[in-house]
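Residue-level structure breakdown
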Amino acid sequence: RTAELELANRELAARDRRNQLLTELTGLLQTVRDVEEAVQVMPRFLGPIFAPHAGAVYLTKSSLNYLELLQHWGKVSSPATLEISDCWGLRRGQPYLVEDSRNALVCRHLGEHPDSHAYLCLPMMAQGSTIGLLHLAFATGDTLATQAWREHARLVAEQLALALANLRLRDALREQSIRDVLTGLHNR
């Protein structure tokens, strides 16, 4: 009984620490100037937030037909770019969970032999469009894809999507204040 309580206390402390890190990450992402600065902030938080799992964050490019790797952590195969059709989660517009890659449809962006047997692809949606993708490769031997981990990943994906969408909007507004939208010429 005591061992169960100690395990539950450790799990609660770890969850609390992840939530604190997410709050701090969200606050910092609200104050960065641009996406490049956001990329510098993310590594400090994403690894600890998802430990012991590996993963990657992708950002949709303006052409909307492919995504570019923003950040990755842990041992995960992360191509520099991927097409939207390479990910079942992006194709379907909803989270795609694979608990055993030997018995499921595997996303093409993982290659022929995925590093992890279990993974989760979460499309990051904000302002009515797909902003990017959060990919998690679960550590083997862990309680793989428990509801708590899926919910936690969903919260992180929502916060990242909102922050990145706001940065894009801010950049677009800054550009519109400098250049004429139709001609591309400077306003002055």
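Above this text you will find the structure in question.
Residues numbered from 1 in each chain as written. Predicted model: local features only at pLDDT ≥ 70, side-chain atom pairs only at ≥ 80, totals over all residues. Heavy atoms only, no water.

1. Considerations on the nonpolar core
To be explicit about the condition: We call a set of buried Ala, Val, Leu, Ile, Met, Phe, Trp, Tyr and Cys residues a nonpolar core when their side-chain atoms join them within 4.5 Å. Relative accessibility decides the category of a residue: with a 1.4 Å probe and only protein chains considered, values under 20% of the type maximum give buried, values over 50% give exposed, and everything between is partly exposed. Helix numbers and strand numbers start at the N terminus; a helix is a DSSP run of H or I with at least 4 residues, a strand a run of E with at least 2. Throughout, a residue-residue contact means that at least one pair of heavy atoms, one from each residue, lies within 4.5 Å.
Counting residues in hydrophobic clusters, the biggest one holds 36 residues, and the most contacted among them are Leu46, Phe50, Leu134 and Leu160. Where this core is concerned, the elements lending two or more residues are α1 (2-31), α2 (35-41), α3 (43-50), β1 (54-60), β2 (66-73), β5 (119-126), β6 (129-137) and α5 (147-178). With 10 residues, the top contributor of residues to this core is α5. With sequence-adjacent residues up to four places away left out, Phe50 is seen in contact with Trp73, Leu134, Leu136, Trp149, His152, Ala153 and Val156. By size, the runner-up hydrophobic cluster in this structure holds 13 residues, among which are Ala56, Cys87, Val98 and Leu110.

2. Here's the deal with the pattern of salt bridges
The cut-off we apply is this: Each salt bridge in this description consists of a side-chain nitrogen of Lys or Arg and a carboxyl oxygen of Asp or Glu lying within 4 Å of one another.
Taken as a whole, this structure holds 8 salt bridges when the rule is applied. Residue Glu24 is joined to Arg44 by a salt bridge in which the shortest nitrogen-to-oxygen separation is 3.5 Å. Pair noted here: Glu24 is in helix α1 and Arg44 is in helix α3, with a separation of 20 residues, a long-range link. Across the salt bridge formed by Glu37 and Arg33, the nearest N and O atoms sit 3.1 Å from each other. Overlapping salt bridges, with partners in common, bring together Glu151, Arg154 and Glu158 in one network.

3. A word on the packing of α3 against α5
Axes are the key here: two packed helices are described by the angle between their axes and the distance separating the axes. Note the cut-off: For every element, the axis is a line fit to its C-alpha atoms; helices are fit only across the contacting stretch, and the angle between N-to-C directions ranges from 0 to 180 degrees. Any angle that is under 35 degrees is reported as roughly parallel, and any over 145 degrees as roughly antiparallel; angles of 65 to 115 degrees are reported as roughly perpendicular and all others as oblique. Each crossing is labelled by how the near helix is turned from the far one, with a counterclockwise turn of less than a right angle marking it left-handed and a clockwise turn marking it right-handed.
Contact geometry of α3 with α5 gives a least axis separation of 11 Å together with a crossing angle of 165 degrees. Of the possible angle classes, the one that applies to α3 and α5 is roughly antiparallel. The two elements α3 and α5 meet at a crossing, and its hand is right-handed. In contact with Leu46, Ile49 and Phe50 of α3, α5 contributes Trp149, His152, Ala153, Val156 and Leu160.

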